[in-house]
Amino acid sequence: MKILVTGGLGFIGSHTVVELQNEGFEVVIIDNCSNSSKDVLKGITSITGKQPIFEEFDLREKGEVQEFFKRHQDIEGIIHFAASKAVGESVEKPLLYYENNISTLVYLLQELQKKKDSSFIFSSSCTVYGQADELPITETAPVKAAESPYGNTKQMGEEIIRDTCKVKPNLKAIALRYFNPIGAHPTAEIGELPIGVPQNLVPFITQTAIGLREQLSVFGDDYPTNDGTAVRDYIHVVDLAKAHVVALQRLLENKNKSNYEVFNVGTGTGSSVLEIIHSFEKVSNQRLNYKIVGRREGDITAAYADTTKANQELGWKAKSSLDEALASAWKWEQKVRS
């Protein structure tokens, strides 16, 4: 069975390709390599013993998308990762984000609706909840006004898929709302490799520990949390990748309750920034150079998932500990810099 993974050379995409191939799926990757490297193919092949089919082009080119589906008429499902994802950049370049994250989704759905049956997994985000009224966050929590164009594209993406599913019963879709993916594959063959200055906490931590960054800034220690720093739900990327495979199988086996569903994907546990730092120091035996600075605009106090729905309906649960995730991130960083 052939599955398309857009953005399949990226951080979460590449780990999902590995898990798909381990389950026997034939994978086709589309990636324009704007924020990834073709070297990732070597890592995927090394882990699984099989190289996925790879096509390099930009999904914003509608004609290219149409031609792709003519060449690959036997694709039965799509996992859609390809998107721009830096919150700060989206504030500075909103039109880039709306074009890249919305038009590409529309072009893919236009092709899928031509098929007799199709399955679609959407890479969404817990950013749709904003600062939730209650913790942990359930899927029924209200979607708040987006804090950034990036967050807005995730909300709009979900709405576009839901509206399409209403009128196209042959299209089955699941939106997975991620919390905070971290870590790397235990083989250290693939991992998170941001281009330029990292936007996320853990790669900034590992780059600081390896000497690439002089100091880590902790944005605020006056939040109403146990230690004053912001709290998030950090999930090992391999656990997250496996959730995509389980969600896809749910659709392919017609186990879905409706043709559009939403699931939180997290651990159910919140960890503060300082807890992440201390866990990293423990597993790496490194003393981290960090400094408390002022709060960062747009940051919320706390967000962590209620994973009951995913645990019960998908039969999926995050298995890796925070220490294991951070140890794998450090192993990956050391390999990349060696």
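For the structure itself, look to the data block above.
Since this is a predicted model, take the numbers as computed values, not measurements.

Undergrad: Looking at this model, I keep getting lost on the overall build of the protein chain. Mind explaining?
TA: For the protein chain, the helix and strand inventory stands at eleven helices and 14 strands. At 19 Å, the protein chain has a C-alpha radius of gyration in line with the 20 Å of a compact globule built from 338 residues. Scored against the burial criterion, the 338 residues of the protein chain give a buried share of 54%. Charged side chains of the protein chain number 37 positive and 44 negative; the gap between the two group centres comes to 3 Å.

Undergrad: Would you mind showing me how to read the pairing of strand β6 (residues 171-178) here?
TA: Looking along a regular strand, one sees the side chains alternate between the two faces of the sheet. The element β6 is extensively covered by neighbouring structure, given that eight of its eight residues are classed as buried. Of the two faces of β6, the one carrying L171, A173, A175 and R177 and the one carrying K172, I174, L176 and Y178 are both buried. Direction of pairing for strand β5 (residues 118-125) relative to β6: parallel, over a ladder of eight bridges. When the bridges of β6 are listed, S118 appears paired with L171. Following the chain from β5 across helix α6 (residues 149-167) to the adjacent parallel β6, one finds a crossover that is right-handed.

Undergrad: Explanation requested: the packing of helix α5 (residues 94-112) against α6 in the structure shown.
TA: Each pair of packed helices can be summarised by the angle the axes make with each other and by the distance between the axes. Following both chains from N to C, one finds α5 and α6 inclined at 20°, their axes separated by 10 Å at the closest point. The orientation of α5 relative to α6 falls into the category roughly parallel. The interaxial crossing formed by α5 with α6 has right-handed handedness. Across the interface between the two elements, P94, Y97, Y98, N101, I102, L105, V106 and L109 of α5 pack against P149, Y150, N152, T153, M156, G157, I160, I161 and T164 of α6. Of the residues assigned to the contact of α5 with α6, the class counts are twelve nonpolar, five polar and no charged.

Undergrad: Would you explain the sheet that holds β5 in this entry?
TA: Note on sheets: strands pair through backbone hydrogen bonds, and any given pair is parallel or antiparallel. Judged by pairing direction, the sheet is parallel, and its seven strands sit side by side in the order β3-β2-β1-β4-β5-β6-β11 without closing on themselves. Each end of this open sheet is capped by a strand with a single partner; those strands are β3 (53-55) and β11 (260-265). Adjacent strand axes in the sheet meet at a mean angle of 20° when their direction is disregarded. Two elements, strand β4 (residues 75-80) and β5, share four bridges in a ladder whose sense is parallel. Along β5, the bridge assignment pairs G77 with S119. The sheet contacts of α6 involve β5, β6 and β11, and relative to β5 the element is tilted by about 155°.

Reading the values: rules and limits
- Residues numbered from 1 in each chain as written.
- Predicted model: local features only at pLDDT ≥ 70, side-chain atom pairs only at ≥ 80, totals over all residues.
- Heavy atoms only, no water.
- Helix = DSSP H or I, 4+ residues; strand = E, 2+ residues; numbered from the N terminus.
- Rg over C-alpha atoms; globule rule 2.2 N^0.38 Å.
- Buried < 20%, exposed > 50% of the residue type's maximum accessible area, 1.4 Å probe, protein only.
- Lys, Arg positive; Asp, Glu negative; His and termini not counted.
- Charge placed at Lys NZ, Arg CZ, Asp CG, Glu CD.
- Pairing = 2+ DSSP bridges.
- Right-handed = clockwise from strand over helix to strand, strands pointing away.
- Axes fitted to C-alpha atoms, helices over the stretch in contact; angles between N-to-C directions.
- Parallel < 35°, antiparallel > 145°, perpendicular 65-115°, else oblique.
- Left-handed = near helix turned anticlockwise from the far one by under 90°.
- Contact = heavy atoms within 4.5 Å.
- Nonpolar A, V, L, I, M, F, W, Y, C, P; charged D, E, K, R; others polar.

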